[in-house]
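# Breakdown of the fold
Okay, here's what each chain looks like letter by letter:
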Amino acid sequence: MKIAYVGLHQQAQYILGGVGNKILTQVRLWQEAGHQARLFLHSPDTFVLPDTSVFSFPKKRGFPSQEASRSRMLAEMISAIKSWQPDVIYLRYSRYAWPLQQLFDIAPVVMRS
């Protein structure tokens, strides 16, 4: 089974710490069980992790600019997930950004808040 683990608005301080360890462990356990698992992160920061696609949106001043930036990168991430064709999406939910609703058209979604 192809599993896309999706993290929204995940800052480096969390991903490179305990939360990230938990996420990476989950992806590794799925892989060890014979699944194809990949991590897709939507983040205001830039970093590199194994089996991970990071979609970084630049930090901008002002709410409209920041939200437009977040939405553009989320659209790119959703396009990449769609191209990868997962069987299921495990969504670690955070703040909503348009066009998140399109993620639900790709595959069944399991949501964790």
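It should be noted that the structure appears before, not after, this text.
Below is a short write-up of the structure. (Residues numbered from 1 in each chain as written. Predicted model: local features only at pLDDT ≥ 70, side-chain atom pairs only at ≥ 80, totals over all residues. Heavy atoms only, no water.)

### Brief notes about a nonpolar patch on the surface
For clarity, the cut-off: Residues forming no salt bridge and having over 30% relative accessible area are the ones grouped into patches, like charges within 9 Å of each other and nonpolar side chains (Val, Leu, Ile, Met, Phe, Trp, Tyr) within 5 Å. Note that accessible areas follow from Shrake-Rupley with a 1.4 Å probe, and for residues the cover is restricted to the protein chains shown. Here a salt bridge means any side-chain nitrogen of Lys or Arg lying within 4 Å of a carboxyl oxygen belonging to Asp or Glu. Only DSSP runs of H or I covering at least 4 residues are called helices, and only runs of E covering at least 2 are called strands; the numbering of each starts at the N terminus.
A contiguous nonpolar surface patch, about 550 Å² in accessible area, is contributed by Y93, Y96, W98, F104 and M111. Structurally, W98 is set in the loop between β4 (88-92) and β5 (109-112).

### Comments concerning the pattern of salt bridges
So the rule is basically this: Relative accessibility under 20% of the residue-type maximum defines a buried residue, over 50% an exposed one, and the middle range a partly exposed one, all with a 1.4 Å probe and only protein chains included.
A full pass over the atoms with the stated rule returns three salt bridges. Here E67 and R70 are joined by a salt bridge, their closest N and O atoms 2.7 Å apart. Separated by three residues within a single helix, E67 and R70 lie in helix α3 (residues 63-84), roughly one turn from each other. In this structure, R95 and E67 form a salt bridge, with 3.4 Å as the shortest nitrogen-oxygen distance. Here R95 is found in the loop between β4 and β5, whereas its partner E67 is found in helix α3, with 28 residues between them in sequence. Of the residues examined, R95 reaches a relative accessible area of 42% and is grouped as partly exposed.

### Digging into α3
Think of an α-helix as 3.6 residues a turn; residues three or four steps apart then line up on the same face. Just so we agree on the cut-off: In this analysis, the expected span of each helix is defined as 1.5 Å times one less than the number of residues it contains. In what follows, a contact means two residues having at least one pair of non-hydrogen atoms within 4.5 Å.
Over its 22 residues, α3 runs 31 Å from end to end, which matches the ideal 32 Å to within 8%, given 1.5 Å per residue. Buried within α3 we find Q66, E67, S69, R70, S71, M73, L74, M77, I78 and I81. Buried positions along α3 lie against β1 (2-7), β2 (36-43), β3 (52-56) and β4. One or two steps after α3, the chain reaches Q85, where phi turns positive at roughly 60°.

### Looking at the sheet that holds β5
What counts is decided by this rule: Pairs of strands are assigned from DSSP output, requiring at least two bridges between the strands. With axes taken as lines fitted to C-alpha atoms, and helix axes fitted only over the stretch in contact, angles between N-to-C directions fall between 0 and 180 degrees.
Strands sit in the order β3-β2-β1-β4-β5 across an open sheet of five strands; the sheet is parallel. Where the open sheet ends on each side, the last strands, each with one partner, are β3 and β5. Mean inter-strand twist for the sheet, computed between neighbouring axes without regard to direction, equals 15°. Docked against the sheet, helix α2 (residues 18-32) engages β1, β2, β3, β4 and β5, running at close to 155° with respect to β2.

### Some points on the packing of aromatic side chains
The condition that has to hold: A pair of aromatic rings is counted whenever rings of Phe, Tyr or Trp (Trp by its six-membered ring) have centres within 6.5 Å, and the orientation is called stacked for planes under 30 degrees apart, edge-to-face for over 60 and tilted otherwise.
Applying the stated rule across the entire model yields four aromatic pairs. With a centroid separation of 5.6 Å and 70° between ring planes, the pair formed by W30 and Y90 is classed as edge-to-face. Taken together, the residues W30 in helix α2 and Y90 in strand β4 connect sequence positions 60 residues apart. Ring geometry for F40 and W84: centres 5.9 Å apart, planes at 65°, overall edge-to-face. You can see F40 sitting in strand β2 and its partner W84 sitting in helix α3, a full 44 residues away along the chain.

Geometric values such as these leave the question of function open.
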